[in-house]
Amino acid sequence: MSYLVLARKLRPARFKDLVGQEHIWKTLINAIRSDRVAHAFLFTGPRGTGKTSCARILTKALSCHSPVDFEPCNACENCLEINQGIATDIIEIDAASNRGIEHIRELRENVKFSPAKCRFKTYIIDEVHMLTTESFNALLKTLEEPPAHVKFILATTDHHKIPTTVISRCQRYDFSNIPVAEMTVFLKSVVQKEGIAISDSGLSIIANSSSGGMRDALTMLDMLISFSGDQIDDEKVIRILGLNDARELDSLMEAIIAKDVAKVITLFQNLVQKGRSITRIVIDLMNIVKDLSLVKTVSQEELKWHEFLPDQFALYQRLAERVTIGTLQQYFQIIMEVEGQIRRSTQAKICVEMGLIKMCSVESLAGIAEIITALRDSGKKKSPITS
Ligand SMILES: Nc1ncnc2c1ncn2[C@@H]1O[C@H](COP(=O)(O)OP(=O)(O)OP(=O)(O)O)[C@@H](O)[C@H]1O
Ligand SMILES: [Mg+2]
Ligand SMILES: [Zn+2]
């Protein structure tokens, strides 16, 4: 049997399988239960969070011969045909490759024919934001008043590109990024089933790197399995996912705090030589400064939601002790300036280098709270500002 990637093998088959989207499927189940299912839906949200999967589950739930608690049974003829993608009443249109008016005209012609087997004829229009304006306009009328046997499910990663006239004719569901904790629990169940040995921290590194998209997380896991087999240690995860760069950026920040200009410039040039984009480096530095500010002001307990690489939290704590909040704010200010400059300049690398040198010369500027504490401690009555 040919190998099926995890993201396809594990396509959610029931509403309950949709991790992190409870707010959506509970509402859908309620609508089915009360027989108040809309005729047009818009599923919007980041990539790989379950929009297409949910569209298929909804179609199955509406046409299943023996639903269980309003979930599709995944065993009847209709469910099986929809799962295999061969149900003639379910028409999936990829708007990215069928943008033109002729496809919508064809759709308008065909909606009037009743479904052959399923309860509803369902049109799932994926990447719907790619349709041309002409196509959107041609769709409007049908979308507003389709025949009773027709349902529309539009899916998109970018609802801003959809005309409001279309959005207002649909019931809109916003898919969220899947929270790291929930994704980690899910990935754990996957590796257990697949017989893969990987630590919890390894899994949370994957979940964290996926930016909330389950498809991306499963693709990373696939890649790790093909590189390292069924034993995946944390170091491999870090190396294969290219997170070593994160460590090099941490060293860069450490050198800035140590005001070691020569080291800062060498580390920066190494990153650039390795092909790391300058814009990316600047964004990553911004993130590190933000993280250091968080570590400085919020307790580890309260930072539970934030994922760090192994040893990274301890490093950030050490670094955060060596700078004041004021200094971190000045770093941020400088990086923001650099970010603006590199967008306008043809000499992005020099702009960043100048910014880095400037960061190395930031004099510790105590935050107002720190000044007040220091004053209180030294028993001074008069503020230095008014003196
Ligand atoms: N919420 C989720 N729970 C569990 N698995 C998920 C979830 N979202 C996505 N996946 C996994 O990712 C794969 C792709 O999901 P799906 O096609 O539904 O995403 P999508 O939101 O339509 O993405 P795109 O915007 O790229 O079209 C699924 O087969 C499944 O393995
Ligand atoms: Mg999709
Ligand atoms: Zn069924």
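Note: the structure precedes this text.
Thresholds, definitions, all that
Residues numbered from 1 in each chain as written. Chains lettered and ligands numbered in written order. Predicted model: local features only at pLDDT ≥ 70, side-chain atom pairs only at ≥ 80, totals over all residues. Heavy atoms only, no water. Near = heavy atom within 4 Å. Polar contact = N/O pair within 3.5 Å; in protein donor to acceptor, adjacent residues only side chain to side chain. Areas by Shrake-Rupley, 256 points an atom, 1.4 Å probe, with all protein chains shown as cover. 1 Å grid on protein atoms, 1.4 Å probe; cavity = no way out; pocket = protein on both sides within 12 Å on 5 of 7 lines; lining within 4 Å. Sits in = over half its atoms within 2 Å of the grid points. Helix = DSSP H or I, 4+ residues; strand = E, 2+ residues; numbered from the N terminus. Nonpolar A, V, L, I, M, F, W, Y, C, P; charged D, E, K, R; others polar. Salt bridge = Lys/Arg side-chain N within 4 Å of Asp/Glu carboxyl O. Buried < 20%, exposed > 50% of the residue type's maximum accessible area, 1.4 Å probe, protein only. Pairing = 2+ DSSP bridges. Right-handed = clockwise from strand over helix to strand, strands pointing away. Expected span 1.5 Å × (residues − 1). Contact = heavy atoms within 4.5 Å. Points joined across faces, edges and corners; volume = space filled by probe spheres on them.

Some details on the site of ligand 1
Near ligand 1 you find 21 residues, and of these A7, G48, K51, T52 and S53 are the closest. Separating a nitrogen atom of ligand 1 from a backbone N or O atom of T49 is a distance of 3.1 Å. Out of a free accessible area of 630 Å², ligand 1 has 95% covered by protein chains. More than half of the atoms of ligand 1 fall within 2 Å of the grid points belonging to the second largest pocket. Those elements giving two or more residues to the shell around ligand 1 turn out to be helix 3 (51–63) and helix 10 (214–228). In terms of residue class, the shell around ligand 1 is made up of eight nonpolar, seven polar and six charged.

As for the pattern of salt bridges
Summed over the entire model, instances satisfying the criterion amount to 23 salt bridges. A salt bridge links R343 to E339, with the shortest nitrogen-to-oxygen separation between them at 3.5 Å. Taken together, the residues R343 and E339, both in helix 16 (residues 325–344) and four residues apart, mark about one turn of the helix. A relative accessible area of 64% places R343 in the exposed class. In this structure, the salt-bridge partner of E353 is K349, at a minimum N-O distance of 3.7 Å. Here E353 and its partner K349 are both found in helix 17 (residues 348–360), four residues apart, which amounts to about one turn of the helix. For E353, a relative accessible area of 13% translates into the label buried. We classify K349 as partly exposed; its relative accessible area is 33%.

Regarding the pairing of strand 3 (residues 121–126)
Counting buried residues along strand 3, six of its six residues qualify, which places the element largely inside the surrounding structure. Where burial is concerned, the two faces of strand 3 agree: the one with K121, Y123 and I125 and the one with T122, I124 and D126 are both buried. Judged from the five bridges that link them, strand 2 (residues 90–94) and strand 3 form a sheet pairing that is parallel. Following the sheet pairing, D94 is matched in strand 3 by D126. The parallel pair strand 2 and strand 3 is bridged by helix 5 (residues 101–110), and the resulting crossover is right-handed. Sheet topology note: the strand 3/strand 4 (residues 150–156) ladder contains five bridges and is parallel. Within strand 4, the residue paired with K121 across the bridge is V150. For the segment spanning strand 3, helix 6 (residues 133–144) and strand 4, crossover handedness is right-handed.

Topic: helix 16
The terminal C-alpha atoms of helix 16 lie 29 Å apart, and with 20 residues this matches the ideal 28 Å at 1.5 Å per residue to within 8%. Listed in full, the buried residues belonging to helix 16 are G326, T327, L328, Y331, I334, I335, V338, G340 and I342. Buried-residue contacts for helix 16 involve helix 12 (244–257), helix 14 (278–297) and helix 17.

Here we look at empty space enclosed by the protein
Summed over the entire model, instances satisfying the criterion amount to one cavity of 30 Å³ or more. Taken as a whole, the largest cavity spans an internal volume of roughly 50 Å³. Lining of the largest cavity is provided by V282, L285, I335, V338, V352, G355, L356 and M359. Listing elements by their share of the lining of the largest cavity, those giving two or more residues are helix 14, helix 16 and helix 17.

Some thoughts on unusual backbone geometry
Unusually for a residue other than glycine, E127 sits at a positive phi of about 50 degrees. With respect to the helices and strands, E127 occurs in the loop between strand 3 and helix 6. Positive phi is not limited to glycine here, since S211 has a value of about 50 degrees. Residue placement: S211 occurs in the loop between helix 9 (200–209) and helix 10. Looking at S211, the relative accessible area reads 57%, which means it is exposed.

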